[in-house]
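Architecture and fold: a report
Now for the letters of each chain:
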Amino acid sequence: MDMTYYEVEMHHSEESFESLAHMQYDLFCKSNRTVRTLLSLAFVIAGVLNFSSWWGILLVAYGCYLTTSTYSSANHTAHKLTAQIKESGMPFPASRYVFRDKAMDVIPLPAGEKKDSSLAYADICRLGEDMEYFYLFRDQFGGYMVPKAALGEKVPDFRLFLEERSGLVFHARSAPIIRVLHRLSARKKASQP
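Here is a short report on the structure shown in this document. In this numbering scheme, every chain counts its residues from 1 along its sequence in written order. The model is predicted, so local features are restricted to residues of pLDDT at least 70 and side-chain atom pairs to those at 80 or more, both for listing and for counting; the totals for chains, interfaces and linings are taken over all residues. Calculation of side-chain values draws on the structure's entire complement of heavy atoms; hydrogens and water are dropped beforehand.

The way it works is that DSSP assigns letters per residue, a run of H or I at least four long becomes a helix, a run of E at least two long becomes a strand, and they are numbered from the N terminus. Considering the arrangement of structural elements, one finds glutamine 140 in the loop between β6 (133-139) and β7 (142-147). On the basis of relative accessible area, glutamine 140 is assigned to the partly exposed category, the value being 41%. Beyond its immediate stretch of four places on either side in the chain, glutamine 140 contacts Gln24 and Phe28. Buried, partly exposed and exposed residues are distinguished by accessible area as a fraction of the type maximum, computed with a 1.4 Å probe on protein chains only: under 20%, between the cut-offs, and over 50%, respectively. In what follows, residue pairs with any heavy atoms lying within 4.5 Å of each other are defined as contacts.

Listed below in structure tokens is the structure:
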């Protein structure tokens, strides 16, 4: 049997579904986001140049709407899923993840209710992270969340572990210099005896 490197539990909530939807949008809808940003900028500039006209004000308002509604589609999906779960009377999904040498085992909680599954690190499509979670996407339609709080002091080691095994790099919502410092710190720590 493979060695177990990490073992964590994830209990979903309304907020976690929304976070997952936001990261999914960030990782898989980059062209959409770029077009939205460029259109928003164009509308605001055109509106400011024609602000004395009523339609200039309308252009500025629409440009601002495009900027502030970036996650509206992702939020709609997350809220719809949340509503379906609440309507059914079922609890939010929960799983235990066991990270082994070549794959992550996914064990639904409570144990025995559903079939266990596995995700090979080579089959991970994209990696993401924010302040609270790591995100592992098997494809553009679904992924897993690993709460950083459950890892404690092992967060940098876990990040390095997954990057090495998957051959991918985490996409993070932080300044590039912060990401570089985190990576250097983790590599330095990993190389120490």
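The next subject is the packing of aromatic side chains. Any two of the Phe, Tyr and Trp rings considered here, Trp counted by its six-membered ring, make a pair once their centres fall within 6.5 Å; the pair's planes then place it as stacked at under 30 degrees, edge-to-face at over 60, or tilted in between. Throughout the structure, instances matching the rule amount to 14 aromatic pairs. In textbook terms, an aromatic cluster arises when at least three aromatic residues are bridged by ring pairs, as seen for Tyr5, Tyr6, Phe99, Tyr121, Phe134, Phe158, Phe161 and Phe170. Only when the NZ atom of a Lys or the CZ atom of an Arg is both within 6 Å of the ring centre and within 35 degrees of the ring normal do we say a charge sits over the ring. A cation over an aromatic ring shows up here: lysine 148 above the ring of phenylalanine 134, its NZ or CZ 4.9 Å from the ring centre. The ring of tyrosine 5 has arginine 165 lying over it, and the distance from NZ or CZ to the ring centre is 4.9 Å.

Strand order in this open sheet of four strands is β7-β6-β5-β8, and the pairing throughout is mixed. Of all the strands in the sheet, the pair left with one neighbour each is β7 and β8 (170-172). Strand after strand, the sheet turns through a mean of 25° between neighbouring axes, direction not considered. Being paired, for any two strands, means DSSP has found at least two bridges between them. Looking at chain direction, strand β5 (residues 126-129) and β6 are connected through four bridges and run antiparallel. Note on β6: the bridge partner recorded for leucine 127 is leucine 136. Inter-axis angles, ranging from 0 to 180 degrees, are taken between N-to-C directions of lines fitted to C-alpha atoms, where helices are fitted over the stretch in contact. Here helix α1 (residues 14-28) sits on the sheet in contact with β5, β6, β7 and β8, set at roughly 60° to β6. Helix α5 (residues 155-166) contacts β5, β6, β7 and β8 of the sheet and is inclined by roughly 15° relative to β6.

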